[in-house]
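# Structure at a glance
Chain by chain, the residues run as shown.
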Amino acid sequence: MSGRPLDILEESLEETVTVRLKDGEEFTGVLTGYDQHMNIVLEGEDTTIIRGDNVVTIKP
């Protein structure tokens with residue numbers, strides 16, 4: 001995968017991703033939504049909404 005970050009998120013919709021935050025915490029789930037600020041929604045055991053300014057990496 002290469003390209004702009006929002007393009008990569010679009011390609012990763014409905015796929016399992018791992019998100020690492022600034023504080024080192026990681027979340028894994030199915031990427032079900034995002035916006036232009038890279039706020040993301042993960043579905044797993046529960047729904048998790050993560051603010052884009054806390055995200056360090058997103059691994060498909």
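Definitions and limits used
Residues numbered from 1 in each chain as written. Predicted model: local features only at pLDDT ≥ 70, side-chain atom pairs only at ≥ 80, totals over all residues. Heavy atoms only, no water. Core = buried A, V, L, I, M, F, W, Y, C linked by side-chain atoms within 4.5 Å. Buried < 20%, exposed > 50% of the residue type's maximum accessible area, 1.4 Å probe, protein only. Helix = DSSP H or I, 4+ residues; strand = E, 2+ residues; numbered from the N terminus. Contact = heavy atoms within 4.5 Å. Salt bridge = Lys/Arg side-chain N within 4 Å of Asp/Glu carboxyl O.

Under an unreviewed UniProt entry, the name given to the protein chain is Like-Sm ribonucleoprotein core, and the organism recorded is Halobacterium bonnevillei.

## Some details on the nonpolar core
Leu-9, Val-17, Val-19, Leu-21, Leu-31, Ile-40, Leu-42, Ile-50 and Val-55 together form the largest nonpolar core, which totals nine residues. If you list the elements that add at least two residues to this core, you get strand S1 (16-21) and strand S3 (40-43). A per-element tally of this core places S1 first, with three residues. In contact with Leu-31, not counting residues within four places along its chain, are Leu-9, Ser-12, Leu-13, Glu-14, Glu-15, Val-17, Ile-40, Val-41 and Leu-42.

## Let's talk about the pattern of salt bridges
Inspection of every chain in the model, using the stated rule, returns three salt bridges. In this structure, the salt-bridge partner of Asp-7 is Arg-4, at a minimum N-O distance of 3.0 Å. Classification of Arg-4 as exposed rests on a relative accessible area of 58%.

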